[in-house]
Amino acid sequence: DHRMNDRPKTTAIIIDDMTSIRAMAKAILGAIGVEVVGEAENGALGLTLFQETRPDLVLLDIDMPVKDGVSTLKSILARDATANVVMMTTVSNQAVVESCILGGAKDYITKDKDPMTVKARLEQVIAELSI
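Given the structure is predicted, the values throughout are model-derived calculations rather than measurements.

1. Structural notes on the pairing of strand E3 (residues 57-61)
If a strand is regular, its side chains alternate between the two faces of the sheet.
Then, number 1: The element E3 is extensively covered by neighbouring structure, given that five of its five residues are classed as buried.
Then, number 2: Burial of the side chains of E3 extends over both faces: Leu 57, Leu 59 and Asp 61 are buried on one face and Val 58 and Leu 60 on the other.
Then, number 3: In this sheet, E3 lies alongside strand E1 (residues 10-15) in parallel orientation, the contact comprising four bridges. Residue pairing in the sheet places Ile 15 in a bridge with Leu 60 of E3.
Then, number 4: Pairing between E3 and strand E4 (residues 85-89): four bridges, direction parallel. Considered in E4, the bridge of Val 58 is made with Val 85.
Then, number 5: Between E3 and its parallel partner E4, the chain crosses via helix H4 (residues 69-79), and the hand of that crossover is right-handed.

Calculation notes
Throughout this document, residue positions are counted from 1 along each chain, in the order its sequence is written. Predicted model: local features are reported for residues with pLDDT of at least 70 only, side-chain atom pairs are reported and counted for 80 or more only, and whole-chain, interface and lining totals are derived from all residues. Think of the side-chain values as coming from all heavy atoms in the structure, minus any hydrogens and water. Only protein chains enter the accessibility calculation, which uses a 1.4 Å probe. A residue is then buried if its area is under 20% of the maximum for its type, exposed if over 50%, and partly exposed in between. Runs of E in the DSSP output that reach at least two residues are strands. Runs of H or I that reach at least four are helices, and both are numbered from the N terminus. Should DSSP find at least two bridges between two strands, the strands are taken to pair. For a crossover, the right-handed case is the one in which the path from the first strand over the helix to the second runs clockwise, viewed with the strands pointing away from the viewer.

In structure tokens form, the structure reads like this:
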């Protein structure tokens, strides 16, 4: 069906201070047909990147230097209340994740699982957001 190709690709940005995590997330997003249009290693840079790119999806780490994920989430949603922000977390951050969801994050993924699990979870999240 050629009409699928006319649909613009879903775009995403990745905000995480760890290069390895950004690389993994980028590879997984690419594998499920999402175009990564930018990466940032802290929330302050991530916020600028968000404003420049206006992506369909933001993958946002919680623990980062300069500006953490919780305050970055608030800043992004202050600029665009409809933004699809998905928090990236480690298993130990459950309480923070819950406060992020209450604060307007759409969902979360646990990044310290194996890549196939992360991929399945991201596919599920993207399908649920219907972006």
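Back to the write-up after that little detour.
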